[in-house]
Every structure is written in structure tokens, then in C-alpha cells.
Amino acid sequence: MAVRRLAEKHLQPESFAFTPENLAWAKQQIAKYPEGRQASAVIPLLMRAQEQGGGWLSEPAMRVVGEMLDMAPIRIYEIATFYTQFQLQPVGRKGHIQVCGTTPCMLRGAGALIEVCKRRIHEHPFHLSADGNFSWEEVECAGACVNAPMVQVVKDVYEDLTPETLEKILDALARGEKPKTGPQNGRRAAEPITGQCALVSPELFDGSMVGKGAGLAAAREAIAARAAGEPLPKPPEPAAAAAPPAPPKSDPAPAKPPAAAAVKAAGEADHGKVGGSKAKSD
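Residues numbered from 1 in each chain as written. Predicted model: local features only at pLDDT ≥ 70, side-chain atom pairs only at ≥ 80, totals over all residues. Heavy atoms only, no water.

Participant: Can you help me understand helix α7 (residues 163–174) in this one?
Facilitator: Structurally, the α-helix is built with 3.6 residues per turn, so residues lying three or four positions apart point the same way. With twelve residues, α7 extends 16 Å between its outermost C-alpha atoms, agreeing within 8% with the 16 Å of an ideal straight helix rising 1.5 Å per residue. Those residues of α7 that sit buried are Thr-165, Leu-166, Glu-167, Ile-169, Leu-170, Ala-172 and Leu-173. The inward-facing, buried residues of α7 contact β1 (95–100), α6 (110–120), β2 (134–139), β3 (151–153) and β4 (156–159). Phi turns positive, to about 85°, at Gly-176, one or two residues after α7. (Helix = DSSP H or I, 4+ residues; strand = E, 2+ residues; numbered from the N terminus. Expected span 1.5 Å × (residues − 1). Buried < 20%, exposed > 50% of the residue type's maximum accessible area, 1.4 Å probe, protein only. Contact = heavy atoms within 4.5 Å.)

Listed below in C-alpha cells is the structure:
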């Protein structure tokens, strides 16, 4: 795991203060929690401080949040350095490009996307481009494996990328535009690239098959008839419900197996002894 440290002192601003709008918002977040539990608002307040600070979280901003929540500075540092959603170094003014480098994205070409970032932004991650507009890093799974490869820019996700489409996204961001998010190859969400090719017949969804007992066979007949231009076959009437079977009779207790001859003879002899003793005692 990479060691995450605060930015060096010469990169830190002298101070930090929430804007009036963000301060009012922060107080609303704190008020959501009962007295003594204000520290529960630390994540949203740090996120808002990062957004106001140009996409990264400075040490003065952490101290302000800690004072508002009555938290020791070290507690704030622990949280900020643990969660990778917090950027601890200055990032590009127009975009910090997070390239997913987990296995599905790598298999689909994430390495080529990283090469674009190295060429256009900086050879190394977490470094600003020459104009200060962009920075980049490689991240773990961003949750869009079926649309790999992908990148995330702040809260926006761009999927199904090629080096060429990533170049266009960077060009648009450089112009101050917001590129179209989501898949970049024309498909909708995570559907097959060739379009929907299964479960396309209305009979599967319009309820006409419900309760007919026809199931898949009737659906296939309807699809075939539609393809041939023939009238749709009439669904068969449901069969009359059969009478429930009679409950099974309980099995009788198994017969007691006969005693072996030797065992029977021994029992009779013992019985005689017991009886004789009793008679004698009487």
C-alpha cells in the first residue's frame, strides 16, 4: 500500500476558510447528528473543503474542519490519509484523471490510456502538467469492469475508452467543456455492443403468457409466427386443476421379529426359575 503524506509546506496555502455558502452547508450537515456526535460529519465536510480548494485537501483546510467538529488534528490527518478519495497534493485545475488499472481494465487497454496521460500530462503520476491544467494517477477498481477501460475525472466517469477517445476527452476538458459521460463507443449503459439481441419479444413482457401454462414453447411459437407474418397462435387454455392426491396411509408398525430358538428356550428356563423361587418362598 502506498504511503500517503500531506503536501510539502511550500505547497500549502497560508490559511483556509469556507465560503459563506459552504459554511452554511457545513453547519446543516453538522446539525444532522446528535450532540456529541458531530464528528460523524467529517467525511462530507472534508469533501466540500477539497472541492472548494481546487480538488485537493490542504492542511489548513483539515485544521478548520477539525476545529468545527472538535476533533484533534491527528484524527483528521488519519482520515484524510486513509481514504484515497482525498487528494493530498495539488491537482490539475481542469481535471485530475484517475485511470483504473485493475485486471479487467488492463486487459482491455488501460495501459494505452496511461501512456496517453504520461505523454500529455506528465511522465509520473501526481505531477501537474506544464500548464497546471491536468494531473493523473492509476487507481484500483472504479466499479465499471463491464465497460472497461475507463477513467474518472472528479465525479464523472468515462467508459469504453480507446487512446483516441481519451485524447478527445482531454481536449474538451482543456477547452473548458464537459464531455459526454458514460460509454464512449455508442452503447447504452452496459448493454452488448451489438445492441439488445435477447428477450426482445413483447410477449415475454406484456403479461399475455402469465397463467397460461404455455411457458417457453408458446413464447417461441409467438416469436416464430411474428417473424413469418402469420397470425399469432392462440395460447392454450389452462388445464383443469387435478384433484390433489390422497394423503398416504401411515405405515403400520413393523412386526416384531420372532426370537431365535435358543433365546426363547433360555427365556422359558429363566421364567421357570423365577416362578419356582417365588413359589418356594411362598
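Participant: So what exactly am I meant to see when it comes to the packing of helix α2 (residues 42–52) against helix α3 (residues 59–69) here?
Facilitator: Packed helix pairs are characterised by how far apart their axes lie and by the angle those axes make with each other. The interhelical angle for the contact between α2 and α3, taken along N-to-C directions, is 145°, at an axis separation of 10 Å. As for how α2 packs across α3, the hand of that crossing is right-handed. On the side of α2, the interface is formed by Val-42, Leu-45, Leu-46 and Ala-49, while α3 contributes Ala-61, Met-62, Val-65, Met-68 and Leu-69. Within the contact of α2 with α3, the residues separate by chemical class into nine nonpolar, no polar and no charged. (Axes fitted to C-alpha atoms, helices over the stretch in contact; angles between N-to-C directions. Left-handed = near helix turned anticlockwise from the far one by under 90°. Nonpolar A, V, L, I, M, F, W, Y, C, P; charged D, E, K, R; others polar.)

Participant: How do you make sense of the pairing of β2 when you look at a structure like this?
Facilitator: Look at any regular strand and the pattern is simple: side chains alternate between the two faces of the sheet. With respect to burial, β2 is a largely interior element, five of its six residues being buried. For β1 and β2, the ladder comprises six bridges, and the chain directions are parallel. Considered in β2, the bridge of Gly-95 is made with Phe-134. (Pairing = 2+ DSSP bridges.)

Participant: Help me understand the sheet that holds β3 in this model?
Facilitator: Each strand in a sheet pairs with another by means of backbone hydrogen bonds, the pair being arranged parallel or else antiparallel. Here five strands make up an open sheet; going across it, the order is β2-β1-β3-β4-β5 and the pairing mixed. The two strands at the open ends of the sheet, each matched to only one other strand, are β2 and β5 (182–183). Pairing between β4 and β5: two bridges, direction parallel. When the bridges of β5 are listed, Tyr-158 appears paired with Gly-182.

Participant: Help me out: how do you make sense of the layout of surface pockets in this one?
Facilitator: Over the atoms rolls a probe the size of a water molecule, and its path tells where empty space is left. If you add up the space inside the largest pocket, you get close to 1,100 Å³. What lines the largest pocket is a set of 41 residues, among which Thr-84, Gln-87, His-96, Gln-98 and Glu-137 lie closest to the centre. Secondary-structure elements contributing two or more residues to the lining of the largest pocket are α2, β1, β2, β3 and β4. When the residues that make up the lining of the largest pocket are grouped by side-chain class, the tally is 16 nonpolar, 13 polar and twelve charged. (1 Å grid on protein atoms, 1.4 Å probe; cavity = no way out; pocket = protein on both sides within 12 Å on 5 of 7 lines; lining within 4 Å. Points joined across faces, edges and corners; volume = space filled by probe spheres on them.)

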